[in-house]
Amino acid sequence: MSTNENSENNKIVSNFIRNIIDDDQKTNKYEQRINTRFPPEPNGYLHIGHAKSICLNFGIAKDYPGGKCNLRFDDTNPIKEEDEYVNSIKEDVRWLGFDWEDREYYASDYFDQLYEYAQLLIKKGKAYVDDLPADKIRELRGTLTEPGTESPYRNRSVEENLDLFQRMHAGEFEEGSKVLRAKIDMTSPNINMRDPVMYRILKAHHHRTGDKWCIYPMYDWAHGQSDSIEKITHSICTLEFEDHRPLYDWFLETLEIYHPQQIEFARLNLTYTVMSKRKLLKLVKEGTVKGWDDPRMPTIAGMRRRGYTPESIRNFSERIGVAKANSTVDFAQLEHSIRDDLNKQSQRVMAVLDPVKVVITNYPDDKTEMVDAVNNPEDESMGTRQVPFCKEIYIEKDDFMEDPPKKYFRLSPGQEVRLKHAYYVTCTNVVKDDRGEIVEIHCTYDPKTRGGWSDDGRKVKGTLHWVSVQHALDAEIRLYDHLFSVANPDEAKDDEEFKSFINKASLKVASCKIEPSLKDAHPGDRFQFLRHGYFCADSKDFSSVNPVFNRTVSLRDSWAKIEKKQG
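Parameters at a glance
- Residues numbered from 1 in each chain as written.
- Predicted model: local features only at pLDDT ≥ 70, side-chain atom pairs only at ≥ 80, totals over all residues.
- Heavy atoms only, no water.
- Helix = DSSP H or I, 4+ residues; strand = E, 2+ residues; numbered from the N terminus.
- Buried < 20%, exposed > 50% of the residue type's maximum accessible area, 1.4 Å probe, protein only.
- Contact = heavy atoms within 4.5 Å.
- Areas by Shrake-Rupley, 256 points an atom, 1.4 Å probe, with all protein chains shown as cover.
- Lys, Arg positive; Asp, Glu negative; His and termini not counted.
- Charge placed at Lys NZ, Arg CZ, Asp CG, Glu CD.
- Axes fitted to C-alpha atoms, helices over the stretch in contact; angles between N-to-C directions.
- Parallel < 35°, antiparallel > 145°, perpendicular 65-115°, else oblique.
- Left-handed = near helix turned anticlockwise from the far one by under 90°.
- Nonpolar A, V, L, I, M, F, W, Y, C, P; charged D, E, K, R; others polar.
- Pairing = 2+ DSSP bridges.
- Salt bridge = Lys/Arg side-chain N within 4 Å of Asp/Glu carboxyl O.
- Disulfide = S-S within 2.5 Å.
- Phe/Tyr/Trp six-rings, centres within 6.5 Å; stacked < 30°, edge-to-face > 60°.
- Lys NZ or Arg CZ within 6 Å of the ring centre and 35° of its normal.

K.L.:
I'd like to hear about the overall build of the protein chain, residue by residue, with values.
P.N.:
For the protein chain, the helix and strand inventory stands at 14 helices and 27 strands. Expressed along its principal axes, the backbone C-alpha trace of the protein chain runs to roughly 100 × 55 × 40 Å. The buried share of the protein chain, taken over its 567 residues, is 53%. For the protein chain, restricting intrachain contacts to residue pairs at least 6 apart in sequence, the fraction spanning at least 24 positions comes to 71%. Carbon and sulfur atoms form 46% of the exposed surface of the protein chain, whose accessible area is close to 26200 Å². Across the protein chain, the centroid of the 82 positively charged side chains sits 3 Å from that of the 95 negatively charged ones.

K.L.:
I'd love a proper account of the packing of helix α4 (residues 111-123) against helix α6 (residues 158-170), names of residues and values included.
P.N.:
Interhelical geometry of α4 versus α6 gives an angle of 160° and a closest axis separation of 9 Å. Taken together, the axes of α4 and α6 are roughly antiparallel relative to one another. Viewed along their axes, α4 and α6 form a crossing whose handedness is right-handed. In this structure, α4 uses Tyr115, Ala118, Gln119, Ile122 and Lys123 to contact α6, whose residues at the interface are Val158, Asn161, Leu162, Phe165, Gln166 and His169. Looking at side-chain class alone, the contact of α4 with α6 contains six nonpolar, four polar and one charged residues.

K.L.:
Please provide a residue-by-residue account of the sheet that holds strand β1 (residues 35-38), values included.
P.N.:
An order of β1-β2-β3 is seen for the three strands of this open sheet, with the pairing classed as parallel. Each edge of the sheet is formed by a strand with only one pairing partner; in this case those strands are β1 and β3 (104-106). The mean inter-strand angle of the sheet, taken between neighbouring strand axes irrespective of direction, is 35°. Pairing of strand β2 (residues 68-73) with β3 involves three bridges; the strand directions are parallel. Residue Leu71 lies in a different strand from β3, and its bridge partner there is Glu104. Across the sheet, helix α2 (residues 48-63) lies against β1 and β2, angled at about 160° from β1, the strand it touches most.

K.L.:
Got a sec to walk through the pattern of salt bridges? Specific residues and values, please.
P.N.:
All told, the structure shown has 55 salt bridges when counted by the stated rule. A salt bridge links Arg296 to Asp294, with the shortest nitrogen-to-oxygen separation between them at 2.8 Å. Its salt-bridge partner being Lys519, residue Asp520 comes within 3.9 Å of it at the nearest N-O pair. When its relative accessible area of 43% is taken as the criterion, Lys519 is described as partly exposed.

K.L.:
Got a sec to walk through the side chain of Ser188? Specific residues and values, please.
P.N.:
Following the sequence through the fold, Ser188 ends up in the loop between β5 (179-182) and β6 (197-201). Accessibility expressed as a relative area gives 9% for Ser188, which makes it buried. For Ser188, the contacting residues outside a window of four places in its chain are Met193 and Arg194.

K.L.:
Can you explain the state of the cysteines? Please cite residues and give values.
P.N.:
In the structure shown here, the tally under the stated rule is zero disulfides. Not part of a disulfide, Cys69 finds its nearest cysteine sulfur in Cys55, a span of 11 Å. According to the relative accessible area criterion, Cys69 is buried, its value standing at 2%. Here Cys536 stays unpaired: no disulfide links it, and the sulfur of Cys512, its closest cysteine neighbor, is 14 Å away.

K.L.:
Can you lay out the pairing of strand β19 (residues 424-432) for me, pointing to particular residues and giving the numbers?
P.N.:
Summarising the sheet, strand β18 (residues 416-419) and β19 pair through three bridges and their orientation is antiparallel. In the sheet register, Glu416 faces β19, and the bridge partner there is Thr426. The hairpin turn running from β18 into β19, its antiparallel successor, is four residues long, and His421 in that turn takes a positive phi close to 70°. In terms of strand pairing, β19 meets strand β20 (residues 438-446) through eight bridges, oriented antiparallel. Looking across to β20, one finds that Val425 is bridged to Tyr445.

K.L.:
Please set out the packing of aromatic side chains residue by residue, giving values where relevant.
P.N.:
Taken as a whole and assessed by the stated rule, the structure comprises 24 aromatic pairs. For the pair Phe542 and Phe549, a centre-to-centre distance of 5.4 Å together with 70° between the ring planes defines the contact as edge-to-face. For the pair shown, Phe542 and Phe549 are each scored as buried. Of the aromatic side chains, those joined through ring pairs into one cluster are Phe111, Tyr115, Phe165, Tyr199, Trp213 and Tyr216. Over the ring of Phe173 we find Lys178; its NZ or CZ atom is 4.3 Å from the centre of that ring. Just above the ring of Tyr106 sits the side chain of Arg208; from NZ or CZ to the centre is 3.8 Å.

K.L.:
Which residues make up the sheet that holds strand β22 (residues 467-468), and what values go with them?
P.N.:
One open sheet accounts for seven strands, arranged β21-β18-β19-β20-β14-β17-β22; its pairing is mixed. The two strands at the open ends of the sheet, each matched to only one other strand, are β21 (463-464) and β22.

K.L.:
Could you give an account of unusual backbone geometry, naming the residues involved and the relevant values?
P.N.:
Negative phi is the rule for most residues except glycine; trans is the rule for most peptide bonds. Within the chain, Gln32 stands out as a residue other than glycine whose phi angle is a positive 70°. Considering the arrangement of structural elements, one finds Gln32 in the loop between α1 (16-26) and β1. According to the relative accessible area criterion, Gln32 is partly exposed, its value standing at 39%. Backbone geometry places Asp195, a non-glycine residue, at a positive phi of 50°. On the secondary structure map, Asp195 appears in the loop between β5 and β6. Asp195 sits in the buried class, given a relative accessible area of 1%.

Here you go:
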């Protein structure tokens, strides 16, 4: 039985896939073995949808005694595959917290065996070499309502097919001149069973096998047989492969080899996001984003750079569950998961994004004192730090109003507020420039309120964050929003409309004043900027001389409000 437990409430999490596996365990179908696999194609960077599949496949293996999950690269298309993608995929899986141990495989590891299997099908009269061009094969394939038409080359003899296939392998023929097709049923109601192509000629250099091969297997042919070779028990795929399962089964049954079970689940669709690798690659190549790890991208690399944690992505995958029907998840749910995790582990710091100077007129001119600041009220073990305080500080411009409305609790003339970790201050007057803009706010402080509390117990409703003018550091902040301005950008009719859905305000770059403790930050460190949100030191551009922070997510949690209403 599964021992999987929800990390938040310690309740056993079940779904239809685990139920199938539990039943197989009861009947000893695979002799108590559990072996799943994650089979990415190395033609791009992994995205949040792949993260769900990684968590599912590796999670199942982890939760059953002796369970294993293989990492297998589907490197059957040398034209699109690169070592860069292979390395990024391995980095992403490790970062999410999973380990394939010594089980790193490639479909190309099995090219010789797949070639032998193909010859076996030919000898059984179940595969043939077709000379029709690709467009003619598509035309004769038929439609969902009309059966296909047999190729004039379908009934070649076994001997002729073997000879032609071996000569394809030897490189005698040009690309597009011949393919190997399975011989199944051109009248099948399932189009995937209408003599699918198994091999095509591609005279391209492969990232692992070099120039050894000039014929390459199609995914449907390589997939099931690779599962069989690795003795996979449960081959978990996304829902679009449901119609391919009869073909998966047909190949294995016809070859009479070990037969894993294919199970399909609904892929992840997320609002304001596209998951198509083709579209993501287009965004990268056209310069709409700054690479695969641009923090606006739904790639795991982009989310890591933005400041997402592996725990938050694993928890998100667990929260949304595993379903049989496609649906779209609100992006706010993902943001809720990252807030929930960062709230527990992020150090609180002070940063002023739109500063105005405050002069504390009754504070000594040459005095600097260190005030104690709690690093994380959610975790006492994170301790405290000391923050410098002096006569001149910065606060946010919108934390002051000269003529405030009722129930305005921030700073205004005559109103007392608390400076976080420091003192109570009261505004006495303002200084304006020639245009009437406020350039300085003058205040007095109560020296008896150090730490932000008074012995007399008087109530102060407003608390402001601040940084010392003398000690503040300048930093660049990058404020990210959705890359798309519409909830479902995949609804675009064409590439032009798709481009029009790009959110031109998806990135705003600004400067800010930060407390000096942040000079000791390292790339990838995460913080809560009080009252502004969660930020991460950029993994590429951050340095102590040039601090750059990415906003991971704002503090406002719209999904929590939705859940509360639904509850």
